[in-house]
Amino acid sequence: MAIKRLSIDGSEEAMALLGEQDILLRQMEADFGVEISLRQDTRANEMILTIRGSSGRVDKAVKGIRERLGDLRRAGLRNAVPPSAQARRPDPQRASGDLGLSGLPPDALIRTAYGKVIRSRSPNQERYVQAILAKDLVFGIGPAGTGKTFLAVACALRALQQGKVNRIILSRPVVEAGEKLGFLPGDLLEKVHPYLKPLYDAFYSMLGPQRFRSWRGDEVIEVVPLAYMRGRTFEDAFILLDEAQNTTPEQMKMFLTRMGNGSRIVVTGDITQMDLTADVTSGLIRIMGVLKDVEGVAFCRLTEEDVVRHPLVRKIINAYERWDKPK
């Protein structure tokens, strides 16, 4: 796959080139048979257009986009949307993959690329969502299927669309590989893919696979294994740590201190499903005591009553709890 990038002179030129809600961008993707995404490079103070696809298609797309940019600049950005585009304009939300924040019901978080409205579905979930919207550091603790990760992803995408953050950071401890990813085949994304798949599934269902891959390629969504976070600081980011029950206390401290200005963190975990060895304390359990009285931190508990998966999942959780109780 070939990748090429073009610089765009500001948001006005980007709007003229790509159209409202990226309508013209999607049209160019269809015309040239490539993937096109836009991101803002805050350090260089410019907009970067990234084109992906086969080498021949990318070259044709770059040539066509440069010609279009030249026409716009010579015309002073007038008549930005050609009549042909107006005539065959598709539905804006479906064309752009926008999350449709306008016109949402009051209790909704986002509308997915497929038109589904995402909202909390229980009182505990609602308290969890409200904490994420209000606090900079939130812990969501509960059993499988209670929406901990799914709702956190929805809140992350909402914050991104609203411009409250400019990227999303995903992390998860890789306990099974002992955090030693160098022995696994492939590049970094290929090494951690099996462990991040549950997070990917949530993004796929909300963004669609193509937009997720595009944003991940542009590092709007960045995957960072826990072992690779040391020494980094993430600013203006929504940072999500999943399966936190499998962190050690040292890892949890290292992770939380990566938080930079303008960032918020959501940590999710299930303390009944730890994969650590018996002699290792869970960082999630330890942090519940360490930060219990710290202002600005919220701990949200979800239970089997909040399970939103198949109805049988709740019965399975209850059966295990009865089995584990002392006889």
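Refer to the structure above for everything that follows.
Everything numeric in this text was worked out from a predicted model, so none of it was measured. Numbers given for residues are sequential positions, taken from 1 along each chain in its written order. The predicted nature of this model means local features are confined to residues of pLDDT at least 70 and side-chain atom pairs, given and counted, to a pLDDT of 80 or more, with totals for whole chains, interfaces and linings taken over all residues. Side-chain metrics rest on all non-hydrogen atoms present in the structure, leaving aside hydrogens and water.

Re the packing of helix α6 (residues 123-134) against helix α7 (residues 148-161)
- Orientation of α6 relative to α7, taken along the N-to-C sense of each, is 35°, at an axis distance of 10 Å. Both α6 and α7 take part in a crossing whose hand is right-handed. Within the contact between the two elements, α6 uses Gln125, Tyr128, Val129, Ile132 and Leu133 and α7 uses Lys148, Leu151, Ala152, Cys155 and Arg158.
- Residues of the contact of α6 with α7, tallied by class, amount to seven nonpolar, one polar and two charged. Geometry is summarised by axes, namely lines fitted to C-alpha atoms with helices restricted to the contacting stretch, and by angles between N-to-C directions that run from 0 to 180 degrees. Per the convention used, a helix needs a DSSP run of H or I reaching at least four residues, while a strand needs a run of E reaching at least two, with both numbered from the N terminus. Less than a right angle of anticlockwise turn of the near helix away from the far helix marks a crossing as left-handed, whereas a clockwise turn marks it as right-handed. Contact criterion: two residues are considered in contact whenever any of their non-hydrogen atoms come within 4.5 Å of each other. Put simply, Ala, Val, Leu, Ile, Met, Phe, Trp, Tyr, Cys and Pro go in the nonpolar bin, Asp, Glu, Lys and Arg in the charged bin, and everything else, Gly too, in the polar bin.

Re the nonpolar core
- By size, the foremost hydrophobic cluster in this structure holds 39 residues, and its most contacted members are Tyr128, Leu157, Ile168, Leu170, Phe203 and Phe238.
- We call a set of buried residues a nonpolar core when its members are Ala, Val, Leu, Ile, Met, Phe, Trp, Tyr or Cys and they connect through side-chain atoms within 4.5 Å of each other. Only protein chains enter the accessibility calculation, which uses a 1.4 Å probe. A residue is then buried if its area is under 20% of the maximum for its type, exposed if over 50%, and partly exposed in between. Counting 23 residues, the second-largest nonpolar core is a separate cluster that includes Phe234, Phe255, Val267 and Leu284.

Focus on the sheet that holds strand β8 (residues 221-223)
- Across the sheet, which stays open at both edges, the six strands sit in the order β8-β7-β9-β10-β6-β11 with parallel pairing between neighbours. At either end of the open sheet lies a strand with only one pairing partner, and these are β8 and β11 (297-301). Averaged over all pairs of adjacent strands, the angle between strand axes in this sheet comes to 15°, irrespective of strand direction.
- Should DSSP find at least two bridges between two strands, the strands are regarded as paired. Of the pairings in the sheet, the one linking strand β9 (residues 237-241) to strand β10 (residues 264-269) comprises four bridges and is parallel in character. By the bridge assignment, leucine 240 is partnered in β10 with valine 266.
- Sitting on the sheet, α7 touches β6 (137-141), β7 (167-171), β9 and β10, and the angle it makes with β9 is about 170°.

Some remarks on α6
- Taking 1.5 Å as the rise per residue, α6 with twelve residues should run 16 Å; its terminal C-alpha atoms sit 16 Å apart, in good agreement.
- Turning to α6, its buried residues number three or more, namely Asn124, Gln125, Tyr128, Val129, Ala131 and Ile132. Along α6, the residues classed as buried sweep out an arc of 160° about the axis, all on the same side. For α6, the exposed residues lying more than 90 degrees away from the buried face are Pro123, Arg127 and Ala134.
- Its buried side turned inward, α6 meets β4 (108-111), β6, α7, β9, β10 and β11. A helix is expected to span 1.5 Å multiplied by its residue count minus one. An arc is given here, and it is the one of the directions from the helix axis to the C-beta atoms.

Comments concerning the packing of helix α1 (residues 10-18) against helix α3 (residues 55-74)
- Two numbers describe how α1 lies on α3: the axes approach to 10 Å, and their chain directions differ by 120°. With respect to α3, the axis of α1 lies oblique. When you trace α1 past α3, the crossing you get is right-handed. When α1 is examined against α3, the residues Glu13, Ala16 and Leu17 are found in contact with a partner set consisting of Ile65, Arg68, Leu69, Leu72 and Arg73. Between 65 and 115 degrees an angle is taken as roughly perpendicular, under 35 as roughly parallel, over 145 as roughly antiparallel, and anywhere else as oblique.

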